[in-house]
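Structural features, examined
Given next are the chains, with one letter for each unit.
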Amino acid sequence: MAALESETRQSYLVFACGSSWYAVPAEAAAEVVTFPELTRVPGSPPHLLGVFAHRGEVIPVVDMSLLVGGVSAGSRRAVLVRLARGTLALTASSVAGVSALMGPLEPLGPSGVHVHLRGPVKSGSRDVAVIDPEGLFDHLSQGG
């Protein structure tokens, strides 16, 4: 998947994690699941809640609220984001559905995870941070 352009005009799956709203490109959002009990990964950062097996694949569950420095929403649901090199489960307390979003896609911060969150763009009256799935995968793979 190519890097996000400076402005978006495509379809995204919009979801909330706690009080914040996020979006991932619709083609990367495989499904929304309720995940079972997780297996903790020793030494993992707090935002990596654990892993679970799903259709023959071991999938890490990332709490977006904790990842960006907030408080865990405690959700048992997640959006599965499928990339060529693997799948991530991003916790979701609510799913708004697929929307065409338009707006600038500037990084929301100069470093850390915020480089891979773009926007904000509007979905109705909500401010939504668009996740760059490839960038987020890289960030998490490097221990972020």
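Everything numeric here is computed off the predicted structure, so don't read it as measured data. (Residues numbered from 1 in each chain as written. Predicted model: local features only at pLDDT ≥ 70, side-chain atom pairs only at ≥ 80, totals over all residues. Heavy atoms only, no water.)

Remarks on the sheet that holds strand β8 (residues 86-91)
The sheet built from five strands is open, its strands ordered β4-β7-β8-β6-β5 with mixed pairing. Among the strands making up the open sheet, the edge pair consists of β4 (29-34) and β5 (48-54). Strand-to-strand twist across the sheet, computed as the mean angle between neighbouring axes with direction ignored, equals 30°. Examined bridge by bridge, β4 and strand β7 (residues 77-83) share five bridges and lie antiparallel to one another. Considered in β7, the bridge of Glu31 is made with Leu80. Of the strands in this sheet, β6 (57-62), β7 and β8 touch helix α2 (residues 133-141), which is tilted by about 90° from β8. (Pairing = 2+ DSSP bridges. Helix = DSSP H or I, 4+ residues; strand = E, 2+ residues; numbered from the N terminus. Axes fitted to C-alpha atoms, helices over the stretch in contact; angles between N-to-C directions. Contact = heavy atoms within 4.5 Å.)

Looking at the sheet that holds strand β11 (residues 117-123)
The strands making up a sheet are joined through hydrogen bonds of the backbone, oriented either antiparallel or parallel. Across the sheet, which stays open at both edges, the five strands sit in the order β9-β2-β3-β12-β11 with mixed pairing between neighbours. What marks the edges here is a single partner per strand, and that holds for β9 (94-100) and β11. Sheet twist, expressed as the average angle between the axes of neighbouring strands with direction ignored, equals 35°. With five bridges connecting them, β11 and strand β12 (residues 126-131) associate as antiparallel partners.

Structural notes on the confidence of the model for the chain
Looking at the chain as a whole, the pLDDT averages 91, with 94% of positions reaching at least 70. Within the chain, the element-level pLDDT minimum falls on strand β1 (residues 7-8), averaging 53, and the maximum on β7, averaging 97. (pLDDT = per-residue confidence, 0-100.)

Comments concerning the side chain of Thr91
Mapped onto the elements, Thr91 comes out in strand β8. The exposure class of Thr91 is buried, given its relative accessible area of 1%. Discounting residues that sit within four places of it in the chain, Thr91 has contacts with Phe15, Ala16, Cys17, Phe35, Leu49, Val61, Val62, Asp63, Met64, Ser75, Arg77 and Ala78. (Buried < 20%, exposed > 50% of the residue type's maximum accessible area, 1.4 Å probe, protein only.)

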